[in-house]
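Notes for the structure review
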Amino acid sequence: MTVTIIVISVILILTGIFFFLGAAVGLLRFPDFYARMHAAGKGDTLSSLLVILGFAVYQLHDFHSLSHDWPTLLVILKLLAVVLFIFLTSPTATSALMDAGWEDNVKPIIAEGRSNHLEDDCDDA
Amino acid sequence: MNPKLYASIAVIITGLVLLYGISDFPTFGDPRSPANSGVEGGAPSTSLYYINESYGATKVPNLVTSVLADYRGYDTMFETVVVFAAGMAIFAILRCFGRDDEAVITAPTKSSIDGDHNRIIVGTTCRLAVPVVQIFALYVVAHGHHSPGGGFQGGVMLGASFILIALAGNLNDALGRFSERSYMTLASLGIIIYAGFGVLPQVLGKNFLDFGVLEKFFLTDGPEMARSHSMLGVEIGVALTVMSIMFAIFANLSSRGTLKGGL
């Protein structure tokens with residue numbers, strides 16, 4: 001049981017670190033502001049969630065009874081609160097940054113022969 | 001000729017001076033350095049005194065809080081006064097009443113994230129987040145004795161929650177919840193609370209900020225718990241001042257002193 005829980009938590013943390021790496025590579029290699037924010041926003045949110053969930057699962061590894069181990073349960077609840085908070089705020093911050101970039105006329109890079117359909121949506125703005 | 005060249009020379013000289021200063025530091029973990037002396041044997045020192053005695057004298061498990069708010073109460077009180085003075089300086093320099101000059105006209109009246117669709121996303125998230133931030137800030141203030149935290153940290157969080165309201169909607173939303181009259185009153189009230197905790201022992205015939213004699217007020221057994229409770233009161237005063245001044249500085253800077261619209 002203990003080994004299973006530790007293996008699950010290690011898998012979660014390693015997956016999170018993998019997505020962190022992807023976010024970092026995307027942030028450096030993507031061509032324009034919007035693609036970079038896409039990598040940073042998505043990758044950062046998912047990887048933070050996975051790593052912290054891994055920590056929360058790891059806390060269960062010597063959990064025996066509710067009456068004896070309630071401080072461990074408290075730690076898990078705090079970690080889950082952090083997960084919830086990141087899940088709410090990180091995509092919102094990404095959205096606000098994207099919108100600020102759009103309103104400051106940061107132009108996205110668009111392939112030859114394709115039109116930017118976002119321009120049509122925002123004509124009235 | 002080249003400003004970057006002069007800047008580089010200044011930076012290099014400053015860096016060399018700082019590096020030269022490092023050479024006078026004691027090595028990391030040196031048991032004979034002033035901060036560590038007495039911890040691993042040797043002559044008794046102030047740090048060893050705090051580690052051994054402060055819990056018995058104040059009943060506060062967090063050494064940092066007991067040193068900050070009781071042993072060095074003067075220092076912390078005037079730190080709070082410095083924060084207050086910074087806010088007053090910003091107010092005195094920037095605040096302008098009823099002048100419709102060029103600065104007012106060119107000040108943006110709409111938030112940059114005030115678009116039609118994004119206001120829903122950002123506004124909803126901030127509406128969910130602000131109460132959580134404020135409750136956690138109150139926890140940090142009230143729990144400063146037992147865990148890292150205290151008045152400055154909790155006050156900054158409380159101030160940031162109001163700044164978040166201003167950023168998510170506009171400044172008028174935040175000023176509706178926390179008006180100029182309120183934050184000026186609360187900033188002064190924080191200082192008065194701190195200084196009041198200093199003056200009360202004087203009235204009872206002890207030194208300024210000598211909290212031990214307040215046991216009669218708090219109905220506690222012994223001066224140690226009176227010190228602990230007084231530290232909580234002092235932290236609340238600090239939190240009020242820091243919260244108000246944080247928001248006052250933001251409101252004045254972002255609206256160029258007009259408190260109308262703004263960022």
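Here the structure is a predicted model, which means the values were calculated and not measured.

All right, on to the overall build of chain B then. Assigned secondary structure in chain B consists of 11 helices and zero strands. Listed N to C, the secondary structure of chain B is α-α-α-α-α-α-α-α-α-α-α in terms of helices and strands. Taking all 263 residues of chain B together, 41% fall into the buried category. By sequence separation, contacts in chain B at least 24 residues apart represent 64% of the contacts at least 6 residues apart. Taken as a whole, chain B presents about 14,800 Å² of accessible surface, with 68% of it coming from carbon and sulfur.

The number of helices and strands found in chain A is four helices and zero strands. Overall, chain A shows an N-to-C arrangement of helices and strands of α-α-α-α. Relative to its 125 residues, chain A shows a buried fraction of 27%. Excluding contacts between residues fewer than 6 apart, the proportion of contacts in chain A whose partners are at least 24 apart in sequence is 68%. Accessible surface, chain A: about 8,400 Å² in total, of which carbon and sulfur atoms supply 70%.

All names here are of chain A. Taken together, Leu53, Trp70, Leu74, Leu77 and Leu80 make up a surface patch of nonpolar side chains, about 460 Å² in accessible area. Counting residues per element, the nonpolar patch draws most heavily on helix H3 (residues 70–103), at four residues. Tracing the backbone through its elements, the reader meets leucine 80 in helix H3.

Within the structure shown, the criterion is met by 14 aromatic pairs over all chains. Considering the side-chain rings of A:Phe18 and A:Phe19, the 5.8 Å spacing of their centres and the 70° angle between planes classify their relative orientation as edge-to-face. One residue, A:Lys107, lies across the ring of A:Trp102, its end atom 6.0 Å from the ring centre. Its guanidinium or amino end placed over the ring of B:Tyr55, B:Lys59 lies 5.8 Å from that ring's centre, counting from NZ or CZ.

The end-to-end C-alpha separation of helix H4 (residues 73–94) of chain B is 32 Å, in line with the 32 Å expected for 22 residues at 1.5 Å each. Where H4(B) is buried, its residues contact helix H3 (63–71), helix H7 (151–168), helix H9 (180–203) and helix H11 (223–254) of chain B.

All names here are of chain B. With respect to the helices, strands and loops of the structure, phenylalanine 247 is situated in helix H11. Between the alpha carbons of phenylalanine 247 and glutamate 180 there is a distance of 9.4 Å; along the sequence they are 67 residues apart. When sequence neighbours within four positions are dropped, the list of residues in contact with phenylalanine 247 reads Phe162, Ile163, Ala174, Leu175, Phe178 and Tyr183.

Attention now goes to the environment of B:Ile236. Residues and elements named next belong to chain B. Mapped onto the elements of the fold, isoleucine 236 is located in helix H11. Owing to a relative accessible area of 38%, isoleucine 236 belongs among the partly exposed residues under this scheme. Along the backbone, isoleucine 236 and phenylalanine 152 are 84 residues apart, and their C-alpha atoms lie at a distance of 9.3 Å.

So, on to the confidence of the model for chain B. Across chain B, the average pLDDT comes to 83, with 86% of residues at 70 or higher. Considering only residues more than four positions removed or in separate chains, one finds that residues 111–116 of chain B, a stretch of pLDDT under 50, has 14 contacts.

Our focus in this paragraph is the packing of helix H2 (residues 46–58) of chain B against H11(B). Residues and elements named next belong to chain B. Between H2 and H11, whose axes approach to 6 Å, the crossing angle comes to 90°. Between H2 and H11, the angle is such that the two are roughly perpendicular. Touching Gly56, Ala57 and Thr58 of H2 are Glu224, Arg227, Ser228 and Met231, all from H11. Tallied by class, residues from the contact of H2 with H11 come to two nonpolar, three polar and two charged.

The next point concerns the side chain of B:Ser244. All names here are of chain B. Structurally, the position occupied by serine 244 is in helix H11. The class for serine 244 is buried, based on a relative accessible area of 0%. Residues contacting serine 244, with those up to four places away along its chain left out, are Phe178, Tyr183, Leu186 and Ala187.

Residues and elements named next belong to chain B. Where H3 contacts H11, the axes come no closer than 10 Å and their chain directions differ by 80°. With respect to each other, H3 and H11 are oriented roughly perpendicular. Residue-level contacts link Thr65, Ser66, Ala69 and Asp70 of H3 to Arg227, Met231 and Glu235 of H11. Of the residues assigned to the contact of H3 with H11, the class counts are two nonpolar, two polar and three charged.

As a further point, take the confidence of the model for chain A. When the pLDDT values of chain A are averaged, the result is 85; 92% of them are 70 or greater. Looking across chain A, the model is least confident in helix H4 (residues 117–121) of chain A, with a mean pLDDT of 61, and most confident in helix H1 (residues 2–29) of chain A, with 92.

Our focus in this paragraph is unusual backbone geometry. A negative phi angle characterises most non-glycine residues, just as the trans form characterises most peptide bonds. Of note, the phi angle at A:Asn105 is positive, near 60°, even though the residue is not glycine. A relative accessible area of 58% places A:Asn105 in the exposed class. With a phi angle near 65°, B:Leu209 is a residue other than glycine that sits in the positive phi range. Note on placement: B:Leu209 falls in the loop between H9 and helix H10 (215–218).

Thresholds, definitions, all that
- Residues numbered from 1 in each chain as written.
- Chains lettered and ligands numbered in written order.
- Predicted model: local features only at pLDDT ≥ 70, side-chain atom pairs only at ≥ 80, totals over all residues.
- Heavy atoms only, no water.
- Helix = DSSP H or I, 4+ residues; strand = E, 2+ residues; numbered from the N terminus.
- Buried < 20%, exposed > 50% of the residue type's maximum accessible area, 1.4 Å probe, protein only.
- Contact = heavy atoms within 4.5 Å.
- Areas by Shrake-Rupley, 256 points an atom, 1.4 Å probe, with all protein chains shown as cover.
- Patch = residues over 30% accessible without salt bridge, like charges linked within 9 Å, V, L, I, M, F, W, Y side chains within 5 Å.
- Salt bridge = Lys/Arg side-chain N within 4 Å of Asp/Glu carboxyl O.
- Phe/Tyr/Trp six-rings, centres within 6.5 Å; stacked < 30°, edge-to-face > 60°.
- Lys NZ or Arg CZ within 6 Å of the ring centre and 35° of its normal.
- Expected span 1.5 Å × (residues − 1).
- pLDDT = per-residue confidence, 0-100.
- Axes fitted to C-alpha atoms, helices over the stretch in contact; angles between N-to-C directions.
- Parallel < 35°, antiparallel > 145°, perpendicular 65-115°, else oblique.
- Nonpolar A, V, L, I, M, F, W, Y, C, P; charged D, E, K, R; others polar.

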